[in-house]
Amino acid sequence: MSVLLFARRLRERGAASAIVTDTGVRLSYAQLAEAVEAQAARLPAPGRLVILEAANTVDCVVAYLACLHAGYPVVLAEPGSTAADPRTSLTYGAALVYREGEHGWGFEALPATPAPALHPELCILLSTSGTTGSPKLVRLSRANIQSNAAAIADYLGIGANDRAITSLPLYYSYGMSVLNSHLHAGATILLTARSVADPQFWTFFEEEAATSLSGVPFTFDLLERMGFRGRHYPSLRYLAQAGGRLPAERVRLYAQWAAAARKQVFVMYGQTEASPRMAYVPPEQLLENIDAIGVAIPGGSFELIGEDGEPVLAADTPGELVYRGPNVMMGYAESAADLALGCGPDVLRTGDLACRKENGCYAIVGRKSRFSKIVGLRISLDEIERWVHARGLQGIVSGDDALVVVALTGA
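Residues numbered from 1 in each chain as written. Predicted model: local features only at pLDDT ≥ 70, side-chain atom pairs only at ≥ 80, totals over all residues. Heavy atoms only, no water.

1. Overview of the overall build of the chain
Here comes step 1: The helix and strand tally for the chain stands at 10 helices and 24 strands.
Here comes step 2: In terms of C-alpha radius of gyration, the chain reaches 22 Å, essentially the compact-globule figure of 22 Å for 411 residues.
Here comes step 3: Its C-alpha atoms give the chain principal-axis dimensions of roughly 65 × 50 × 45 Å.
Here comes step 4: Here the analysis covers contacts within the chain between residues at least 6 apart in sequence; of these, 65% occur between residues at least 24 apart.
Here comes step 5: When the accessible surface of the chain is totalled, it reaches about 18,200 Å², and 54% of it is carbon and sulfur.
Here comes step 6: Where the 35 positive side-chain charges of the chain centre and where its 41 negative ones centre are 2 Å apart. (Helix = DSSP H or I, 4+ residues; strand = E, 2+ residues; numbered from the N terminus. Rg over C-alpha atoms; globule rule 2.2 N^0.38 Å. Contact = heavy atoms within 4.5 Å. Areas by Shrake-Rupley, 256 points an atom, 1.4 Å probe, with all protein chains shown as cover. Lys, Arg positive; Asp, Glu negative; His and termini not counted. Charge placed at Lys NZ, Arg CZ, Asp CG, Glu CD.)

2. Here's the deal with the packing of aromatic side chains
Here comes step 1: Tallying each qualifying case throughout the model produces 18 aromatic pairs.
Here comes step 2: Both rings, one in Tyr-172 and one in Tyr-174, keep their centres 6.1 Å apart while their planes meet at 70 degrees; by these two values the pair is edge-to-face.
Here comes step 3: Given a relative accessible area of 28%, Tyr-172 falls into the partly exposed group.
Here comes step 4: Judged by its relative accessible area of 3%, Tyr-174 is buried.
Here comes step 5: For the pair Phe-302 and Tyr-323, a centre-to-centre distance of 5.5 Å together with 65 degrees between the ring planes defines the contact as edge-to-face. Here Phe-302, found in strand β16 (residues 301-305), pairs with Tyr-323, found in strand β17 (residues 319-324); they are 21 residues apart in sequence, far enough to count as distant. (Phe/Tyr/Trp six-rings, centres within 6.5 Å; stacked < 30°, edge-to-face > 60°. Buried < 20%, exposed > 50% of the residue type's maximum accessible area, 1.4 Å probe, protein only.)

3. With respect to the pattern of salt bridges
Here comes step 1: The final tally for this structure, using the stated rule, is 19 salt bridges.
Here comes step 2: Of the charged contacts in the structure, one is a salt bridge between Asp-221 and Arg-250, with a shortest N-O distance of 2.4 Å. On the criterion of sequence distance, the pair formed by Asp-221 in helix α8 (residues 217-225) and Arg-250 in helix α9 (residues 248-261) is long-range, its members being 29 residues apart.
Here comes step 3: By relative accessible area, which is 21% here, Arg-250 ends up partly exposed.
Here comes step 4: Across the salt bridge formed by Glu-303 and Arg-324, the nearest N and O atoms sit 2.5 Å from each other. Of this pair, Glu-303 sits in strand β16 while Arg-324 sits in strand β17, and the two are 21 residues apart along the sequence.
Here comes step 5: Its relative accessible area of 23% is what places Glu-303 among the partly exposed residues. (Salt bridge = Lys/Arg side-chain N within 4 Å of Asp/Glu carboxyl O.)

4. A closer look at the sheet that holds strand β19 (residues 347-356)
Here comes step 1: If you walk across this open sheet you meet the 4 strands as β16-β17-β19-β20, and the pairing is antiparallel. Only two strands of the sheet have a single partner each, and these edge strands are β16 and β20 (362-367). Direction aside, neighbouring strands of the sheet carry axes that sit 50 degrees apart on average.
Here comes step 2: Pairing analysis gives 5 bridges linking β19 to β20, with the strands arranged antiparallel. Across the sheet, Leu-353 pairs through a bridge with Gly-366, a residue of β20. (Pairing = 2+ DSSP bridges. Axes fitted to C-alpha atoms, helices over the stretch in contact; angles between N-to-C directions.)

5. Quick word on the side chain of Glu-320
Here comes step 1: Structurally, the position occupied by Glu-320 is in strand β17.
Here comes step 2: Look past the residues within four positions of Glu-320 in its chain and what remains in contact with it is Glu-303, Leu-304, Ile-305, Arg-349, Thr-350, Gly-351, Asp-352, Leu-353 and Lys-368.

6. Things to note about the nonpolar core
Here comes step 1: Within the largest apolar cluster, 83 residues are counted, with the highest numbers of intra-cluster contacts made by Leu-32, Leu-65, Ile-124 and Phe-302.
Here comes step 2: Per element, the largest residue contribution to this core is 10 residues, and it comes from helix α2 (residues 58-70).
Here comes step 3: Contact partners of Ile-124, with chain neighbours within four places excluded, come to Tyr-64, Leu-68, Val-74, Leu-76, Val-138, Arg-139, Leu-140, Ile-145 and Met-176. (Core = buried A, V, L, I, M, F, W, Y, C linked by side-chain atoms within 4.5 Å.)

7. Description of α8
One full turn of an α-helix is made of 3.6 residues, so residues set three or four places apart face in the same direction.
Here comes step 1: Among all positions of α8, only Pro-217, Thr-219, Phe-220, Leu-222 and Leu-223 are buried.
Here comes step 2: In this structure, the buried residues of α8 make contact with α7 (199-207), β11 (212-215), β12 (238-241) and α9.
Here comes step 3: Gly-227 lies just past α8 and shows a positive phi near 70 degrees.

8. A few points about the packing of helix α5 (residues 142-156) against helix α6 (residues 173-185)
Here comes step 1: Packing of α5 against α6 brings their axes to within 8 Å, and their N-to-C directions diverge by 75 degrees. Taken together, α5 and α6 sit at an angle that is classed as roughly perpendicular. Side by side, α5 and α6 meet where Ile-145, Gln-146, Ala-149, Ala-150, Ile-152 and Ala-153 of the first sit next to Met-176, Ser-177, Asn-180, Ser-181, His-184 and Ala-185 of the second.
Here comes step 2: A breakdown of the residues in the contact of α5 with α6 according to their chemical character gives 7 nonpolar, 5 polar and no charged. (Parallel < 35°, antiparallel > 145°, perpendicular 65-115°, else oblique. Nonpolar A, V, L, I, M, F, W, Y, C, P; charged D, E, K, R; others polar.)

9. Let's talk about α6
Here comes step 1: Relative to the 18 Å expected for 13 residues at 1.5 Å per residue, α6 spans 18 Å between its end C-alpha atoms, a close match to the ideal helical length.
Here comes step 2: The element α6 is extensively covered by neighbouring structure, given that 13 of its 13 residues are classed as buried.
Here comes step 3: Of the residues trailing α6, Gly-186 is marked for its positive phi of about 75 degrees. (Expected span 1.5 Å × (residues − 1).)

10. Regarding the sheet that holds strand β4 (residues 74-77)
Strands in a sheet are paired, the pairing made by backbone hydrogen bonds, and the direction either parallel or antiparallel.
Here comes step 1: A sheet is described by the order of its strands in space; here 7 strands give the open sequence β6-β5-β3-β4-β7-β8-β18, paired in mixed fashion. With partners counted over all chains shown, the strands left at the sheet margins are β6 (104-109) and β18 (331-333), one partner each. Ignoring which end each strand starts from, the neighbouring axes of this sheet average 30 degrees apart.
Here comes step 2: As paired elements, strand β3 (residues 50-53) and β4 share 4 bridges and run parallel to each other.

Distances and angles like these do not, on their own, reveal function.
Structure below.
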């Protein structure tokens, strides 16, 4: 293995707290290491692909880490999905699936298929966002996973005293990255499958003194409904947001709340293809950059490429956002043969159009594909959508080169 994954360093943390569950289970890093090593030892001869239904349970975390520890490439899947849709196992020749059966969670052998060749650095495979009808996967290497976990721990300032609650599913790239970065830093994972809308989530949060909460835009919708900004959580150090654009006015509200409450808010940007994080707004700069994705994470860099293929050097001038870093995926997989392919270049063309502000922060202004060209005019569908939302209306904008359609809710 080219890198020493955090999954192989658990024992070094000794008696430090690794996992606390909302059902009362407590595991030190030494105990977690023992469980992971025992599970890894029960796996058959390496060299086959594993599909892991990754629920927010100790069993699933141990199985996930056992696969990483033993060098098994693992496809992270939603609980209950593999029986209903076997396309991934059939397409890629998986040998094992980890899922819940009559006697609890465990590994099951899948019907015998020819064993595909696997690249020795292949580590984790994740479904591409928005893919329908095809089990297309993102191939992530050990170096991708390790470097992104280290970078996230760096800019979030995660230390051994941090306690992150699992407000996202582990099979989702964002949820996976929360687990990875905290285990990398020797922090504690507060493990629950409850939603932030569940009062018992907050009972667990307070009893175990959670120091961070990660969410997508919908999470912040739920926080607003429960009056989160009016509540007091002394242990909380920061909120982190990714998984889509948070409206600028909501960013402003949370930046102002954080300043008053002496907390931090990290607005972040990423894609599954980047393991998954690429950018963040430094909290102290958030109020001045409520519409931005910020700066590249440690070890990464951005540039903008214009329609002519040349770099865009001027400030506030749009171009396609291109990211470089050690966390850029190995490439995609659409067949079993792709699992043997090596790493592509460490460059990711994001498909997002962005501008670099005078202060060095980047701001997304649209998607490269979200344009219509009508009577010679290049019209940004995202810009129209923002115009609609800025006027208090709810709706979406779509179109092609013949017609732009604005669909609104309400009268």
